[in-house]
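# Chains, contacts and geometry: an overview
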Amino acid sequence: MMVLGFTGGALGGHLGGWRHRDSFPTTTMQLQCMIEMAQIAERGGIDMMFLADGNGVRQMDRPELFAANSPSDRPAVFEPVTLFAAVAQHTKNIGLVATTTTTYEEPFSIARKFASLDHLSAGRAGWNLVTTQYVEDSKNFGRDEHMGRVDRYERAQESLDVVRALWDSWATDAFLQDKSTGRYLDPSRVRTIDHRGTHFSVKGPLNVARTPQGQPVVFMAGQSEAGKELAAYGGEGLFGTASSKAQAQAEYADIKGRMPKYGRPPAALKILPALSVFVGRTEAEADALFGELQRLISPTLAVNYLSKLVGFDVTGADLEGPMPQSPGESVGGTAIGRSVLDMATREGLSVRRTYERVLPSMGGNTVKGDPVQVADMMEDWYASKACDGFMLSMPVQPRSLRDFVELVVPELRRRGLRPPEYLGPTLRDNMGLAPPTDPFLAS
Ligand SMILES: Cc1cc2nc3c(=O)[nH]c(=O)nc-3n(C[C@H](O)[C@H](O)[C@H](O)COP(=O)(O)O)c2cc1C
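Residues numbered from 1 in each chain as written. Predicted model: local features only at pLDDT ≥ 70, side-chain atom pairs only at ≥ 80, totals over all residues. Heavy atoms only, no water.

Attention now goes to the environment of Ala68. Mapped onto the secondary structure, Ala68 falls in helix H2 (residues 63–68). On the basis of relative accessible area, Ala68 is assigned to the buried category, the value being 15%. Sequence spacing of Ala68 and Trp18 is 50 residues, and the spatial spacing of their C-alpha atoms is 9.7 Å. Leaving out residues up to four positions away in the same chain, Ala68 has contacts with Trp18 and Leu301. (Helix = DSSP H or I, 4+ residues; strand = E, 2+ residues; numbered from the N terminus. Buried < 20%, exposed > 50% of the residue type's maximum accessible area, 1.4 Å probe, protein only. Contact = heavy atoms within 4.5 Å.)

Right, let's talk about the site of the ligand for a bit. If you check the shell around the ligand, you find 21 residues, and the closest are Asp53, Gln133, Arg149, Tyr153 and Ser224. In isolation the ligand exposes 610 Å². Once the protein is present, 94% of that is buried. Elements with a contribution of two residues or more to the shell around the ligand: helix H5 (149–167) and strand E8 (237–240). At three residues, the largest contribution of residues to the shell around the ligand is made by H5. The residues that make up the shell around the ligand include at least three from each of domain 1 (3–15 + 27–294 + 363–442) and domain 2 (298–358). (Near = heavy atom within 4 Å. Areas by Shrake-Rupley, 256 points an atom, 1.4 Å probe, with all protein chains shown as cover. Domains from an automatic or database assignment.)

What follows covers empty space enclosed by the protein. Tallying each qualifying case throughout the model produces three cavities of 30 Å³ or more. Roughly 60 Å³ of internal volume is contained in the largest cavity. For the largest cavity, the full set of lining residues is Gln223, Leu238, Gly240, Thr241, Ala242, Ala248, Glu251, Ile255, Ile271, Pro273 and Ala386. Elements that contribute at least two residues to the lining of the largest cavity include exactly E8, helix H7 (245–257) and strand E9 (270–279). The element that contributes the greatest number of residues to the lining of the largest cavity is H7, accounting for three residues. Considering only residue class, the lining of the largest cavity consists of seven nonpolar, three polar and one charged. (1 Å grid on protein atoms, 1.4 Å probe; cavity = no way out; pocket = protein on both sides within 12 Å on 5 of 7 lines; lining within 4 Å. Points joined across faces, edges and corners; volume = space filled by probe spheres on them. Nonpolar A, V, L, I, M, F, W, Y, C, P; charged D, E, K, R; others polar.)

Another aspect to go through is the domain arrangement of the protein chain. One widely used convention gives an interface's size as the accessible area the parts lose upon coming together. According to the domain assignment, the protein chain consists of domain 1 (3–15 + 27–294 + 363–442) and domain 2 (298–358). Relative placement of domain 1 and domain 2: their C-alpha centres are 27 Å apart. Taken together, the contacts link 23 residues of domain 1 with 23 residues of domain 2. Summing both partners gives a buried area of about 1800 Å² for domain 1 against domain 2, and 49% of it is carried by carbon and sulfur. Between the two partners, domain 1 and domain 2, sit one salt bridge. Between Asp73 and Lys308 there is a salt bridge, with the nearest N and O atoms lying 2.6 Å from each other. The interface formed by domain 1 and domain 2 contains four residue pairs in polar contact (both at pLDDT 80 or more). Listing elements by their share of the side of domain 1 that touches domain 2, those giving two or more residues are H2 and H5. No other element matches H2, which puts three residues into the side of domain 1 that touches domain 2. Looking at the side of domain 1 that touches domain 2 residue by residue, the classes come out as six nonpolar, 12 polar and five charged. (Buried area = accessible area lost by both parts, 1.4 Å probe. Salt bridge = Lys/Arg side-chain N within 4 Å of Asp/Glu carboxyl O. Polar contact = N/O pair within 3.5 Å; in protein donor to acceptor, adjacent residues only side chain to side chain.)

The structure is reproduced here in structure tokens:
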């Protein structure tokens, strides 16, 4: 079954989305917007709501971009795990996938908060493990410089191992709560982890009981060599940045091909490329929305955004001249930027054409048309082993999400690509992932 998630930012996924008349009137610190989106998605049986995250306020050195607030910059947002604890109380089925960095947080705290969220949501928690894309985040955590990629990923892998070991601290049946005998728990059904590694020393056990899913689902989004390897080693969901079907197919084969050496079947990881959906009842309606949104962005703002995305300054370049190539690899995120530059080279795009292509999707892939055209594209990618599903980005919230649920979901169901209702109560059930074994029951 095709897996579907959506990016839950209330600003929408298009740089001009929040200014559109059909967007939320205000979004800053509005719990109600988040609940409304989760409930709309749940009506359409969407598997998960995903929230990206970071810890630095970005773009303060680019006043135009800072003032316009691009959807990925998040100058004022809820901490996602806390937020999802609230959203969980207003929803029943949708998975809640929050981002937390292994570079600046300790594995014990990560294990604890996601285990709590899994309990609070009755088995719907997912952790998007990132190593932090934005280099300025370091300055909020007592470090002058962002850790280099090799160290970040080494730390990430160790963190992941520790988090999972902590999630396995308690047996499912450890808490007896027997009033007659006075035994609250069974001391033989818990263990410390006594981890001593390069980056962390953690005794354990975790002070949260084994969770409804056994372990929350682990997502990743890294696209570098180290990122792909870590996804093959331990990811269960992977967000991609491929900008063409051929590129998505190559990445799909590459990453799945790395899994057997870790003893993992390829089906244990669901690869979900980002997809911006511009859908209308007719193709003309989708075109109209697309045009309206593109007109909400000035060329100056567009070039500023493009510079941010590719990781070097494009301002001042001739808009009609060829898109410049990267002067070198940056320390932070480069995957989306690389994908944009590859596309510009492949298709011989000018600076203007590049940003016109990039802005609708903010760097990922775009589909535009009526429900059949949108479903055709999604089915084609899915059937051609370019993906296991999609991480949907909605240009205008809540309109685009509602349109997707009302127009595209029925078409996907008609084709048998999506189930008529949720397959089970947990995120694992809905993603078709096997539950992890409780090591106490296995031995
Ligand atoms: C769909 C998607 C969502 C992402 N969300 C975040 C995020 O919330 N926080 C973050 O620091 N990085 C995020 N990233 C960036 C990745 O974690 C990663 O750092 C980036 O793709 C560069 O890959 P690399 O770290 O393997 O070089 C996201 C990437 C993608 C494709």
